[in-house]
Amino acid sequence: MTDGPLLIPIMGDQLTPDIASLRAADKARSVVLMMEVADETSYVRHHKAKIAFILSAMRHHADRLRAMGWTVDYVTLDDPANSGSFTSEVARAVERHKPAAIHVTEAGEWRVQAMLEAWETRFGLPVVIHEDDRFLCSHAEFDTWAAARKQLRMEYFYRDMRRKTGLLMTAEGKPEGGEWNYDADNRKPAPGRDLLMPQPIRIRPDAITQDVLGIVAERFADHIGSLGHFHFAVTHEDAMRQQRRFLDEALPRFGDYQDAMLTDEPFLWHSILSPYINAGLLDPLALCREVEARYRAGKVPLNCAEGFIRQIIGWREYVRGIYWHEGPDYARRNALGATRPLPGFYWTGETDMHCMAQAIGQTIDHAYAHHIQRLMITGNFAMLAGIDPHQVHVWYLEVYADAYEWVELPNTIGMSQFADGGLLASKPYAAGGAYINRMSDYCGTCRYDVKQRVGEDACPFNALYWDFLARNEPLLRRNVRLAMPYRNWARMDEQDRAATREQAARFLSSLD
Ligand code: FAD
Ligand code: DLZ
Ligand code: SF4
């Protein structure tokens, strides 16, 4: 081993100053390497605002590390010598710094993890890959949990995470309030529009962000998305301001309106914190402890505190566990054999379906849509229409500022498209127009009539819903949670069934 420094590559979703690879190192004998590389900006065609957010947050993080005393070697995207990939940039850095060893925190996805694992052989240097302990549950712990069960369900995993963290637990080790889950209280339709509705703070771009916005506008002009609405925090301090704003203004009603949708109101009572949590600017466990403290101080009802904490220590940890447990070919699952190409309006929002135009339009503007819009509008439509789940996956990975494969893929392939055949979700999240009408104000101003199943003006979701069940009957018939809809389908008279399927076929051929 040489007496050179440690080389510590930090990637765009590792913007945490005490991440494992840094915690283990001596500042005086280390070089932190940060790399803006074409491979990462282009492995899918990310939304412009997603690229701008990550690059600006990386540049600010480099300054933060320098201020803490680290030596940071930062390679910008427009550096003429930039060779374009993590591995080739690490190779150049090895030449520059002649390190004794490389220390790195495990990657967030299979594609990049494979690169890290090849570095030791490639560079002939010791490479230490640290576990990413920003997550509550390690890969090994999840695998052990999964191995002990016949059927994997988030709810039981979540209970274990509650016990592990002590969040919302009583001194006797029971769940606070007597129940583990208050989801039944969290399905209120949206109230009317209200001028006092909470809104995320609009952070004004500083000089660093403006530079990045210029680079992105020029280099990624043909990627989806607008930069005109760029409002993201790009520093830990500003992300903390967004966190406090959420805790004070939105959390007290987060649970009640978690599933609600309202025209031209993209944010409602959601936190809009996922980009910061996923990039490492916010600590998810510390955030949950704050939420619990608000509940214990009587400022937030239990259904809101529990509902929020479940999303983070339940769903977020669970989907990560599934991603690594299932392996890289999870991305190619297609249990329902869906093959239709993704319709063009997913890129423009130009469709007469008002719900789809709203969800896609705000995605283009803000690189954001909340969970129910992703699951029950764009995701539901894609599944009902039989869109190729891999194309759906790539779309979600591209368009949201919080999208990294470890979290996006199980949500898309598993939860939203049922393409894993029921590993993640116990039934397909399929719904007709009635659900959308109940949870939103979208249908009132739509060109289609949500009450009609067939005819010129019929809401497309209605015929598509029945057609989805009918065409997938051999695969889904035995699912007990679908027994009722299949009974209703069987009760419909023969002519109605045929007319419904013809209606769906006409609509689907109009997509082609
Ligand atoms: P809130 O509603 O305020 O929820 C609080 C936090 O809980 C979120 O910030 C997030 O960290 C976590 N969370 C909530 N639901 C989930 C979930 N299902 N899985 C993981 N974490 C969750 N989330 C991502 O972070 N990245 C993605 O790429 C992503 N892709 C998705 C794709 C599809 C098809 C679906 C249905 C969901 C996806 N989600 C993804 C989950 C969820 O939609 C987002 O986390 C959420 O909308 C982010 O907005 P928010 O911060 O306002 O969340
Ligand atoms: C998403 C992304 C983008 C757009 N650009 C970069 C980049 O230039 N440099 C970088 O270090 N990370 C970037 N990222 C995030 C990475 O894709 C992410 O860190 C890896 O996929 C590991 O999960
Ligand atoms: Fe969407 Fe149908 Fe309602 Fe129109 S009528 S907004 S298409 S659910």
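Residues numbered from 1 in each chain as written. Chains lettered and ligands numbered in written order. Predicted model: local features only at pLDDT ≥ 70, side-chain atom pairs only at ≥ 80, totals over all residues. Heavy atoms only, no water.

As annotated in an unreviewed UniProt entry, the chain carries the name Cryptochrome/photolyase family protein and comes from Sphingobium psychrophilum.

(A) Local environment of the site of ligand 3. Around ligand 3, a shell composed of Met353, Cys355, Gly433, Ile436, Tyr442, Cys443, Cys446, Tyr448, Val450 and Cys459 is seen. Considering only residue class, the shell around ligand 3 consists of nine nonpolar, one polar and no charged. (Near = heavy atom within 4 Å. Nonpolar A, V, L, I, M, F, W, Y, C, P; charged D, E, K, R; others polar.)

(B) Fine view of the pairing of strand β3 (residues 71-75). With respect to burial, β3 is a largely interior element, four of its five residues being buried. Here five bridges tie strand β2 (residues 30-35) to β3, and the two strands are oriented parallel to one another. Bridge pairing in β3 links Val32 to Val72. (Buried < 20%, exposed > 50% of the residue type's maximum accessible area, 1.4 Å probe, protein only. Helix = DSSP H or I, 4+ residues; strand = E, 2+ residues; numbered from the N terminus. Pairing = 2+ DSSP bridges.)

(C) A look at the site of ligand 2. The immediate surroundings of ligand 2 are formed by 18 residues, with Gly12, Asp13, Met35, Glu40 and Glu109 found nearest. Between ligand 2 and Gly12, the relevant distance is 3.0 Å, taken from an oxygen atom to a main-chain nitrogen or oxygen of the residue. Residue Glu40 places a side-chain N or O atom 2.6 Å away from an oxygen atom belonging to ligand 2. Those elements that provide at least two residues to the shell around ligand 2 are α2 (38-42), α3 (48-67) and α5 (110-123). Of the residues belonging to the shell around ligand 2, the class tally is nine nonpolar, four polar and five charged. (Polar contact = N/O pair within 3.5 Å; in protein donor to acceptor, adjacent residues only side chain to side chain.)

(D) Spatial organisation of helix α15 (residues 371-384). The largest bend along α15 reaches roughly 30° and is located at Thr378. A large share of α15 lies buried, amounting to 13 of its 14 residues. Of the residues trailing α15, Gly386 is marked for its positive phi of about 70°. (Bend = angle between axes of the 7 residues up to and from the residue.)

(E) The nonpolar core, seen in detail. Met34, Phe53, Met356 and Phe381 are the most contacted members of the largest nonpolar core, which has 156 residues in total. The greatest single-element share of this core, amounting to twelve residues, is contributed by helix α12 (residues 302-326). Among the nonpolar cores identified, the runner-up in size contains 21 residues, and Leu7, Met115, Leu116 and Val127 belong to it. (Core = buried A, V, L, I, M, F, W, Y, C linked by side-chain atoms within 4.5 Å.)

(F) Main features of the pattern of salt bridges. Applying the stated rule across the entire model yields 31 salt bridges. A salt bridge links Arg159 to Glu155, with the shortest nitrogen-to-oxygen separation between them at 3.2 Å. With Arg159 and Glu155 both in helix α7 (residues 154-165) and four residues apart, the pair spans about one turn of that helix. Assessed through its relative accessible area of 23%, Arg159 is described here as partly exposed. For Glu155, a relative accessible area of 18% corresponds to the buried category. Within this structure, Glu40, Glu109 and Arg111 form a network of salt bridges that share partners. (Salt bridge = Lys/Arg side-chain N within 4 Å of Asp/Glu carboxyl O.)

(G) Spatial organisation of the domain arrangement of the chain. Considered domain by domain, the chain is made up of domain 1 (6-130), domain 2 (139-206 + 220-326) and domain 3 (344-511). Distance from the C-alpha centre of domain 1 to the C-alpha centre of domain 3: 39 Å. Counting each side, the surface lost to burial between domain 1 and domain 3 is near 1000 Å², with a carbon and sulfur contribution of 56%. Summed over the shared surface of domain 1 and domain 3, the number is zero salt bridges. At the junction of domain 1 with domain 3, the criterion picks out six residue pairs in polar contact (both at pLDDT 80 or more). When grouped by side-chain class, the residues that make up the side of domain 1 that touches domain 3 number five nonpolar, four polar and four charged. (Domains from an automatic or database assignment. Buried area = accessible area lost by both parts, 1.4 Å probe.)

(H) Structural detail: the environment of Asp79. By secondary structure assignment, the location of Asp79 is in the loop between β3 and α4 (86-97). Considered as a pair, Asp79 and Asn479 are 400 residues apart in the sequence and their alpha carbons are 55 Å apart. Among the polar contacts listed, one links the side chain of Asp79 to the backbone nitrogen of Ala81, at a separation of 2.8 Å.

(I) Region of interest: the side chain of His103. Examined against the element boundaries, His103 turns out to sit in strand β4 (residues 101-105). Here the side chain of His103 touches His130 through a polar contact of 3.0 Å, side chain to side chain. Non-local contacts of His103, meaning those with residues more than four positions away in its chain, are made with Leu6, Leu7, Ile8, Pro9, Ser21, Val128 and His130. (Contact = heavy atoms within 4.5 Å.)

(J) Looking closely at the packing of helix α9 (residues 236-254) against α12. Two numbers describe how α9 lies on α12: the axes approach to 7 Å, and their chain directions differ by 100°. By the criterion of interaxial angle, the relationship of α9 to α12 is roughly perpendicular. Between α9 and α12, the residues in contact are Phe246, Leu251, Pro252, Arg253 and Phe254 and Cys304, Gly307, Phe308 and Gln311, respectively. Each residue belonging to the contact of α9 with α12 can be placed in one class, and the counts come to six nonpolar, two polar and one charged. (Axes fitted to C-alpha atoms, helices over the stretch in contact; angles between N-to-C directions. Parallel < 35°, antiparallel > 145°, perpendicular 65-115°, else oblique.)

(K) View of the sheet that holds β2. Pairing is parallel in the open sheet, where five strands are placed in the order β3-β2-β1-β4-β5. Edge strands, defined here as strands with exactly one partner in the open sheet, are β3 and β5 (127-130). On average, adjacent strands in this sheet sit at an angle of 25° to one another, irrespective of strand direction. This element, α4, spans β1 (6-10), β2, β3 and β4 of the sheet and lies at about 150° to β2. Along the sheet, α5 makes contact with β1, β4 and β5, crossing β5 at roughly 160°.

(L) Here's a closer look at the pairing of β4. Taken across its five residues, β4 has five buried, putting it largely inside the fold. Looking at chain direction, β4 and β5 are connected through four bridges and run parallel. In the strand pairing of β5, Thr105 is matched with His130. Between the parallel elements β4 and β5, the chain passes through α5 in a crossover that is right-handed. (Right-handed = clockwise from strand over helix to strand, strands pointing away.)

(M) Representation of the packing of aromatic side chains in the model. One pass over the structure, following the stated rule, counts 31 aromatic pairs. Judged by centre distance (5.5 Å) and plane angle (50°), the rings of Phe157 and Tyr318 are tilted. Of this pair, Phe157 sits in helix α7 while Tyr318 sits in helix α12, and the two are 161 residues apart along the sequence. Each residue in the set Phe345, Tyr346, Phe381, Trp395, Tyr396, Tyr400, Phe461 and Phe507 is aromatic and connected to the rest through ring pairs, giving one cluster. Here the basic side chain of Arg320 rests over the ring of Phe135, its NZ or CZ set 3.7 Å away from the ring centre. (Phe/Tyr/Trp six-rings, centres within 6.5 Å; stacked < 30°, edge-to-face > 60°. Lys NZ or Arg CZ within 6 Å of the ring centre and 35° of its normal.)

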